[in-house]
Amino acid sequence: SERDKDQMQVLEKVTGREFVKSQPLVFDIPNHKKPATLWQKLFNCGKLHEPNFRINLAGKRAISGINLVPKAILQLSKVLETNSTLIHLDLTQNGLNDDAAEALGKALKVNSSMLALILRYNQITHTGADSLAVGLHKNTSLLRLDLAYNLIRDPGIEAISGSLEDNKSLRDLNLESNKITENGAQHINDCLKKNKCWRFLHLGRNKIGSQG
């Protein structure tokens with residue numbers, strides 16, 4: 001989208017890295033109906049180690065996406081632990097739960113190539129956010145994390161905020177339409193006082209009052 005492109009242009013200026021002009025390889029199968037076939041195709045495509053590889057498995061609103069099975073997300077997370085070329089992973093609306101978030105959190109701890117992780121419209125709660133926070137604490141490459149339209153409450157926001165206090169890579173955090181209250185917003189505010197690297201923060205459609 002134009003908004004994404006604008007944000008990438010800003011991130012280019014901030015980080016000195018080029019995103020918009022490059023033409024990365026893309027594995028793009030949104031709304032896939034046969035997960036088993038999909039994973040066989042993905043892991044056999046021979047491109048997972050090509051430079052600047054991107055994976056888009058996003059569903060659309062009101063569509064179930066590919067409904068990643070636990071075995072598939074675990075397999076993907078294991079690949080991410082050793083992969084050094086994947087830069088963009090979009091798993092929007094795939095029914096991902098806290099177990100999936102835990103697997104991705106473990107991958108984030110050691111992955112050093114991924115720049116964008118998009119997990120919009122899933123079923124991640126504060127428990128899953130805790131797992132992602134553990135990964136973010138160690139991660140040094142991720143520029144964009146999108147957790148919009150999940151089920152994350154204040155304890156999860158506290159964990160994420162705490163993990164990002166010393167994180168110098170993340171520039172764009174989207175927490176739109178979760179279950180964040182004024183308490184969660186305060187944790188984010190405390191983090192912002194210590195970390196001046198952020199460029200984009202999205203908190204719309206939460207339960208934050210006028211004092212948040």
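Residues numbered from 1 in each chain as written. Predicted model: local features only at pLDDT ≥ 70, side-chain atom pairs only at ≥ 80, totals over all residues. Heavy atoms only, no water.

Break down the overall build of the chain for me, with residues and values.
The helix and strand inventory of the chain stands at seven helices and seven strands. Its helices and strands in sequence order give the chain the pattern α-β-α-β-α-β-α-β-α-β-α-β-α-β, from N to C terminus. The buried share of the chain, taken over its 212 residues, is 52%. Taken as a whole, the chain presents about 10,400 Å² of accessible surface, with 48% of it coming from carbon and sulfur. (Helix = DSSP H or I, 4+ residues; strand = E, 2+ residues; numbered from the N terminus. Buried < 20%, exposed > 50% of the residue type's maximum accessible area, 1.4 Å probe, protein only. Areas by Shrake-Rupley, 256 points an atom, 1.4 Å probe, with all protein chains shown as cover.)

An account of the pairing of strand β3 (residues 86-90) is requested, with residue identities and associated values reported.
For β3, a buried count of five out of five residues is recorded, marking the element as mostly surrounded by other parts of the structure. Summarising the sheet, β3 and strand β4 (residues 116-118) pair through three bridges and their orientation is parallel. Bridge pairing links D90 to I118 in β4. (Pairing = 2+ DSSP bridges.)

Explain the nonpolar core residue by residue, including any values.
Burial of nonpolar side chains together is a common tendency in soluble globular proteins. Counting 35 residues, the largest nonpolar core has L89, L104, L119 and L147 as the members making the most contacts within it. Broken down by secondary-structure element, the contributors of at least two residues to this core are α3 (70-82), β3, α4 (98-110), α5 (126-138), α6 (154-164) and α7 (182-194). Among the elements that line this core, the one with the most residues is α4, at five residues. (Core = buried A, V, L, I, M, F, W, Y, C linked by side-chain atoms within 4.5 Å.)

Provide a residue-level description of unusual backbone geometry, including the pertinent values.
A negative phi angle characterises most non-glycine residues, just as the trans form characterises most peptide bonds. Notably, Y121 is not glycine yet its phi reads approximately 55°, a positive angle. With respect to the helices and strands, the residue Y121 is situated in the loop between β4 and α5. In this structure, S177 takes a positive phi of about 55° despite not being glycine. Relative to the helices and strands, S177 resides in the loop between β6 (172-174) and α7.

Can you break down the side chain of R171 residue by residue, with the values?
Among the secondary structure elements, R171 is positioned in the loop between α6 and β6. For the buried R171, no salt bridge is present, and the opposite-charge side chain at shortest range is D172, 10 Å distant. Of the polar contacts made by the side chain of R171, one reaches the backbone oxygen of S169; its length is 2.9 Å. (Lys, Arg positive; Asp, Glu negative; His and termini not counted. Salt bridge = Lys/Arg side-chain N within 4 Å of Asp/Glu carboxyl O. Polar contact = N/O pair within 3.5 Å; in protein donor to acceptor, adjacent residues only side chain to side chain.)

Before we move on, can you summarise the pattern of salt bridges with the specific residues and values?
In total, this model carries five salt bridges according to the counting rule given. A salt bridge links D146 to R120; the nearest nitrogen and oxygen atoms lie 3.2 Å apart. Remark: R120 occurs in the loop between β4 and α5 and D146 occurs in strand β5 (residues 144-146); sequence separation between them is 26 residues. Each member of the pair, D146 as well as R120, carries the same accessibility label: buried. Here D146 and R144 are joined by a salt bridge, their closest N and O atoms 3.9 Å apart. A residue is classified by how much of its surface remains accessible, and R144, at 11% relative accessible area, is buried. It is possible to trace a salt-bridge network through shared partners that takes in R120, R144 and D146.

Account for the confidence of the model for the chain, with residues named and values stated.
Low-pLDDT portions of the prediction should not be read for the details of their coordinates. For the chain, mean pLDDT is 80; residues scoring 70 or higher make up 67% of the total. Below pLDDT 50 for its whole length, residues 60-66 participates in 23 contacts with residues either more than four positions away or in separate chains. (pLDDT = per-residue confidence, 0-100. Contact = heavy atoms within 4.5 Å.)

Tell me about the packing of α5 against α6, and please be specific about residues and values.
Where α5 contacts α6, the axes come no closer than 8 Å and their chain directions differ by 5°. When the axis of α5 is compared with that of α6, the two are roughly parallel. On α6, the residues touching H126, A129, D130, A133, L136 and H137 of α5 are P155, G156, A159, I160, S163 and L164. Looking at the contact of α5 with α6 residue by residue, the classes come out as seven nonpolar, four polar and one charged. (Axes fitted to C-alpha atoms, helices over the stretch in contact; angles between N-to-C directions. Parallel < 35°, antiparallel > 145°, perpendicular 65-115°, else oblique. Nonpolar A, V, L, I, M, F, W, Y, C, P; charged D, E, K, R; others polar.)

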